[in-house]
Amino acid sequence: MIVAEDSALLREGIVRLLGDAGVEVPAQCGDAGPLPALVERHRPDAVLLDIRMPPTHTDEGLRAAAAIRAGYPGTGVLLLSQYVETGTVVRALSEDPRGFGYLLKERVADAGELAGALARVAAGESVVDPRVVTDLMRSRRAAEPLAGLTARERDVLALMAEGRSNEAIARDLVVGGKTVETHVRNIFAKLGLESDVSGHRRVLAVLAHLRG
């Protein structure tokens, strides 16, 4: 695991949290410049990096993520942001969500959640912050056919977009597996999406629809 974050205090805090959670961090950096060399040297399972990094604090992290994914397709990438940034991030997720995630920095205080998200992107799965999903759904609230979903189907859709399996959704919502399967079928039918059991394809389809 490599951590790239320009705030030294936050970076050290993340490294310590990950260490407490049993995640090894052999390298860290304060800007995106050294990342390619560090990835080449350590070949980490995943890289955790801020979207906005020096020198311009705009999209250096996102561009570094794209380079890592192109040059080291087996390395998962988990982006962090102080703000909900749905535009460029969602486009990147929609192009290929495998081994790619996006969390708000407020999530890093939970070591278990952070370590779990990193493990999922390292395994080739997708992770999307729940607040991002909520904002996307809110922005499309009046649009058809999203407006045709029931409240429970919206709950299931939000968890699907986070990359959760049907089993995980059933646990979170405290319902039976068959109930979740029914909701998922209804969601795909109402959104006009082909049903697929593959987690990253589910995220790809849902995000592609939500971004319009």
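Residues numbered from 1 in each chain as written. Predicted model: local features only at pLDDT ≥ 70, side-chain atom pairs only at ≥ 80, totals over all residues. Heavy atoms only, no water.

Student: Just to check I follow, could you spell out the pattern of salt bridges for this structure?
Tutor: Within the structure shown, the criterion is met by eight salt bridges. Across the pair aspartate 50 and lysine 105 runs a salt bridge, and its minimum N-O distance is 2.8 Å. Of this pair, aspartate 50 sits in strand 3 (residues 46–50) while lysine 105 sits in the loop between strand 5 (100–104) and helix 5 (111–122), and the two are 55 residues apart along the sequence. Through salt bridges with shared partners, a single network forms among Glu5, Asp50 and Lys105. (Salt bridge = Lys/Arg side-chain N within 4 Å of Asp/Glu carboxyl O. Helix = DSSP H or I, 4+ residues; strand = E, 2+ residues; numbered from the N terminus.)

Student: Sorry, what's going on with the sheet that holds strand 6 (residues 126–128) here?
Tutor: Taken in spatial order, the six strands of this open sheet run 2-1-3-4-5-6, and their pairing is parallel. Where the open sheet ends on each side, the last strands, each with one partner, are strand 2 (27–29) and strand 6. Strand-to-strand, the axes of this sheet are offset by a mean angle of 15 degrees, without reference to chain direction. Of the pairings in the sheet, the one linking strand 3 to strand 4 (residues 76–81) comprises five bridges and is parallel in character. Paired with leucine 48 across the two strands is leucine 78, which belongs to strand 4. Sheet contacts for helix 5: strand 3, strand 4, strand 5 and strand 6; angle to strand 4, the most-contacted strand, approximately 140 degrees. (Pairing = 2+ DSSP bridges. Axes fitted to C-alpha atoms, helices over the stretch in contact; angles between N-to-C directions. Contact = heavy atoms within 4.5 Å.)

Student: Just to check I follow, could you spell out the side chain of serine 81 for this structure?
Tutor: Its location among the elements puts serine 81 in strand 4. Leave out the neighbours within four places in its chain, and serine 81 touches Asp50, Ile51, Tyr102, Leu103, Leu104 and Lys105.

Student: Explain the nonpolar core to me, please; I cannot follow it from the model alone.
Tutor: Grouped burial of nonpolar side chains is what soluble globular proteins tend to show. In terms of nonpolar packing, the biggest core is built from 28 residues, with Ile2, Leu35, Val47, Leu49, Val77 and Leu79 touching the most fellow members. Considering each element in turn, this core owes the most residues, four residues, to helix 3 (residues 60–71). When neighbours within four sequence positions are excluded, leucine 79 is seen to be in contact with Leu49, Ile51, Gly61, Leu62, Ala65, Phe100, Gly101, Tyr102 and Leu103. By size, the runner-up hydrophobic cluster in this structure holds 16 residues, among which are Ile14, Leu48, Leu78 and Ala117. (Core = buried A, V, L, I, M, F, W, Y, C linked by side-chain atoms within 4.5 Å. Buried < 20%, exposed > 50% of the residue type's maximum accessible area, 1.4 Å probe, protein only.)

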